[in-house]
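What the coordinates show
These are the residues of each chain, in order.
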Amino acid sequence: MSNADRHRLIVQAVRESGSATVLELAELTGASEMTIRRDLDALAAQGVLERVRGGARALLLRGEEPPFALRAHEATDAKRRIAAEVSSLIGDGETVLLDSGTTCLEVARLLRGRPVTVMPLSLQAIHVLSDSPSPTMLMVPGGRPRAAEGALTGPLTLASLSALRFDTAVVGCCGLSAAEGLTAYDLDDAAVKKASIASTRRIIAAADGSKLGHTAYAYVGPSTLLHTLVTDTTAPVDEVAALEGAGTIVKTA
C-alpha cells in the first residue's frame, strides 16, 4: 500500500469513528505502529486530524459538535474523577443548576439521593434523577430537547432560568481558554449557558483537559465568570496557569 493510499484509509477511519488508536490503524492498514505514528504526525501537521496520546481523533471545525454517543465513551475515567470533585464542592441544602453534556451527566449520578435541589438541563440527567430517593428534590425546566443531544434549549428553558436563582451552576465546556473565554458549539446552547450564569451565585466549570485551550463557535463569556474549574491531569499546564492568573480556582482530579 502506498503512503497516499494509507493516509486516505487512516483519515477515513478516524473521521468515521471519531477517533482511532495507533494499534487499530496498524491492524487496519497492515503497517507497523512506528509507521502509523509517523503518518499521524504528518496528517496532524497538515490539519487533517488531531494527534492525541496513543492515536488520533477527527479534527472538527469550530461549529461542529461531536455526537453525544461518541463523547459518552471518551475520557470516561477522567469525567468520573471530575464529577466526584465537583460533587464534593456542592454542600447539602444547595440549589444546583446542572448543565447538559457527558461530564455533567456523571455529576447527576453522584447527586442522586443527596439533600440538594437540582434542575438539570438535559433529558439524560432528568432521567437519572427522576427516581432519586428522598431527600433529593428534582426541578424540571421547560424547553425543547436538541436532537440526539437531549440538551434543553429555547424560550421555555430561558424562561425557567430567569424565574429562579441557584446557589451553584455546574457548566460543561465545549471550549475554554483564558484568552477566548467559554464557548459552545451551538448558539442556542450558548444562550442557555449565559442565562445559567446570570441566574447563579457560583459557577463551577467541569471540563476534561481536551477542552482547555480550544475554542468552539458560539461565545458564552470570559473565563473570569468562572469561580472554579475542575479538570483532569491532561489539562495544558500553560492554560491552567493563565486561567488561575485571571482569577479562576483550578482543581485537578
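This text gives an overview of the structure that appears in the document. (Residues numbered from 1 in each chain as written. Predicted model: local features only at pLDDT ≥ 70, side-chain atom pairs only at ≥ 80, totals over all residues. Heavy atoms only, no water.)

Take the packing of helix α5 (residues 76-89) against helix α6 (residues 102-111) next. As a packed pair, α5 and α6 sit with axes 8 Å apart at the nearest point and diverge in direction by 50°. When the axes of α5 and α6 are compared, the pair comes out oblique. As for how α5 packs across α6, the hand of that crossing is right-handed. Between α5, through K79, R80, I82, A83, A84, V86 and S87, and α6, the contact on the second element is made entirely by T102, T103, E106, V107, L110 and L111. (Axes fitted to C-alpha atoms, helices over the stretch in contact; angles between N-to-C directions. Helix = DSSP H or I, 4+ residues; strand = E, 2+ residues; numbered from the N terminus. Parallel < 35°, antiparallel > 145°, perpendicular 65-115°, else oblique. Left-handed = near helix turned anticlockwise from the far one by under 90°. Contact = heavy atoms within 4.5 Å.)

The three strands are arranged β1-β3-β2 in an open sheet whose pairing can be described as antiparallel. At either end of the open sheet lies a strand with only one pairing partner, and these are β1 (19-21) and β2 (49-52). On average, each strand axis in the sheet is inclined to that of its neighbour by 20°, with strand direction left out of account. In this structure, β1 lies alongside strand β3 (residues 55-58), joined through three bridges in antiparallel fashion. Note that in β3 the partner of T21 across the bridge is G55. Packed on one face of the sheet, helix α1 (residues 3-17) meets β1, β2 and β3 and runs near 60° to β3. (Pairing = 2+ DSSP bridges.)

To continue, consider the pattern of salt bridges. Throughout the structure, instances matching the rule amount to 15 salt bridges. Its salt-bridge partner being D39, residue R6 comes within 2.5 Å of it at the nearest N-O pair. Taken together, the residues R6 in helix α1 and D39 in helix α3 (residues 33-45) connect sequence positions 33 residues apart. Take R6 and D39: they sit in the same class, and that class is buried. Sharing partners across several salt bridges, the network here consists of R80, E106 and R109. (Salt bridge = Lys/Arg side-chain N within 4 Å of Asp/Glu carboxyl O. Buried < 20%, exposed > 50% of the residue type's maximum accessible area, 1.4 Å probe, protein only.)

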